[in-house]
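Spelled out, the chains give:
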Amino acid sequence: MNLQALQIRVKSFINLSSFAARPRSLKIGQLGSLRLRVMSSKRGVSSSTKSAAASIVDDKKDSKLKGMSGDCSEKVLIEESCWKVQSVEFQSIKDDPGKIEAMTVQELRATLRKFGVPAKGRKGDLVFALKHFMGESSQELEERVSFNSRENISLQKNTKRTSDESCVVSINTVSEVSGFKQSKRRMKQSPVEDEIVKVGTEIVTTKRKLSIKTDDLVTLPQAEPWTVLSHKKPQKGWIPYNPRTMRPAPLTDGNSVKLMSWNVNGLRALLKFEGFSALELAQRENFDVLCLQETKLQEKDVDSIKQCLIDGYENSFWTCSNAKLGYSGTAIVSRIKPLSVCYGLGIPDHDSEGRVVTAEFDSFYLVNTYVPNSGDGLKRLSYRITQWDPSLSNYMKELEKSKPVILTGDLNCAHQEIDIFNPAGNKRSAGFTEEERQSFGSNFLSKGLVDTFRKQHPNVVGYTYWGYRHGGRKTNKGWRLDYFLVSESIADKVHDSYIVPDVNGSDHCPIGLVLKV
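Residues numbered from 1 in each chain as written. Predicted model: local features only at pLDDT ≥ 70, side-chain atom pairs only at ≥ 80, totals over all residues. Heavy atoms only, no water.

Looking only at helices and strands, the chain has 17 helices and 16 strands in total. Within the chain, the fraction of its 517 residues that count as buried is 42%. Restricting to contacts in the chain with at least 6 residues of sequence separation, those with at least 24 account for 69%. (Helix = DSSP H or I, 4+ residues; strand = E, 2+ residues; numbered from the N terminus. Buried < 20%, exposed > 50% of the residue type's maximum accessible area, 1.4 Å probe, protein only. Contact = heavy atoms within 4.5 Å.)

Shown next as structure tokens:
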């Protein structure tokens, strides 16, 4: 074959390759001539020409893969250095909080986005968001930096190892806050990812569906939703409750008593719950007395339930509803033997539903109460505010004549707007009506009882109840309905009034009180 013929055939091969990349918009007349060119190209290309073309393609692939591998390594190094810069910047702002107020809106938004925090709202909202984020300890940030560095180093090694096998590693970094939302969107859209497969000497990119487990989507803020401020009408200075940082150090002198209260929403169901058990709660909190509400037991069930009590808590006192079986019910379980115990308020109209147990100890009375809910359509609202609340208040004042009183339990009232996620939308909901809130104030707080959690945490948003219906617990859309109210005479002896939001098994979580005695 002469040189001119070879050039023609190579040119024909090149024309065919360029056609494959063009848009398919050929006229019918052009299509016939194109077929002739393709057929002649297939017949006329020699084996030497094919091998030369294949060699060129392979060289391009090798160089492309090497470039990808190099890019991947650079991404790893850049990402690692970014984490280190973030750590330094985080510490700089944490050491001088005044910098936050001096920042412009643009600087605030840029800084928040850098740390992966949503940057929406006016300057006041941005300042608050950044100050709240600075509440994260330097140690926690260092641990995240260290973890990401280790992940990047491992990823870099894997990239080098797989580059010889024509695999490409892509690095996608998402923030802790936005990653969860993005992952949820990807799941709803039947997610796919590129999968690079080696077929002979060819590299083929395919699409395959991702299988994502919901557990994999949970990051720290979502795993502890109560640490994220969740309120439809937050006021300046409000912050979310975080027991890891807001609880004082335990007392070591031994002259204290730890009380806990928990609306269990059915004790038998709780005992079958496979998650966090009451035994684990006792081991972790080491409480002296546990008050239970809404046990939903009948009297015939009490003896068998007593067999399940934790060792060391042999003193237990139960009252059940007689008016409606499997309803209401309260109990006190204690390692300290009380001086006396009584049930109810001493008023038959109030005592048929098993809502009150009182235990007398050396230095105080403990009144465990499950206050009636006003119910659907507020059917029991009048009974609640005109009969029950005044009767309970009078009962407390009688006890106070002998010694201080501690009132605990599910009091079925979110007293202030800070105590409920959506105050505007619940003005006529049981537990947040104006009548119930006024009754709570006039019958208890105005009569000398102190809300211990609110005294200790005046600007803290902390909830104790999340409805099952809308999954409020996962997004921390809750109510604070459970309280420890104490007589003013012992309010200064309260060492800690706290919420235990990580305990599941009920639509309420336990609350605690540590009192110096």
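With that settled, consider the pattern of salt bridges. Tallying each qualifying case throughout the model produces 25 salt bridges. When the shortest N-O distance is used, the salt bridge between glutamate 353 and arginine 380 registers 3.4 Å. Of the two residues, glutamate 353 is situated in the loop between β8 (340–343) and β9 (356–360) and arginine 380 in the loop between β10 (365–370) and α14 (381–400); the sequence distance between them amounts to 27 residues. Judged by its relative accessible area of 24%, arginine 380 is partly exposed. Between lysine 403 and glutamate 360 there is a salt bridge, with the nearest N and O atoms lying 3.0 Å from each other. One end of the pair, lysine 403, is in the loop between α14 and β11 (405–410); the other, glutamate 360, is in strand β9, with 43 residues separating them in the sequence. Exposure remark for lysine 403: the relative accessible area of 15% places this residue in the buried category. Residue classification places glutamate 360 among the buried residues on the basis of a relative accessible area of 17%. Connected via shared salt-bridge partners are Arg247, Lys258, Arg284, Glu285, Asp496 and Asp502. (Salt bridge = Lys/Arg side-chain N within 4 Å of Asp/Glu carboxyl O.)

Turning our eyes to something else, we now look at the sheet that holds strand β14 (residues 482–487). The six strands are arranged β8-β9-β10-β11-β14-β12 in an open sheet whose pairing can be described as mixed. Pairing within the sheet leaves two strands with one partner each, and these edge strands are β8 and β12 (449–451). Shown here is a sheet whose adjacent strand axes are inclined to one another by a mean of 20 degrees, direction ignored. In terms of strand pairing, β8 meets β9 through four bridges, oriented antiparallel. For cysteine 342, the partnering residue across the bridge sits in β9 and is threonine 358. Packing of α14 onto the sheet brings it into contact with β8, β9, β10, β11, β12 and β14, and relative to β10 it is tilted by some 170 degrees. (Pairing = 2+ DSSP bridges. Axes fitted to C-alpha atoms, helices over the stretch in contact; angles between N-to-C directions.)

The values are spatial; any link to function lies outside them.
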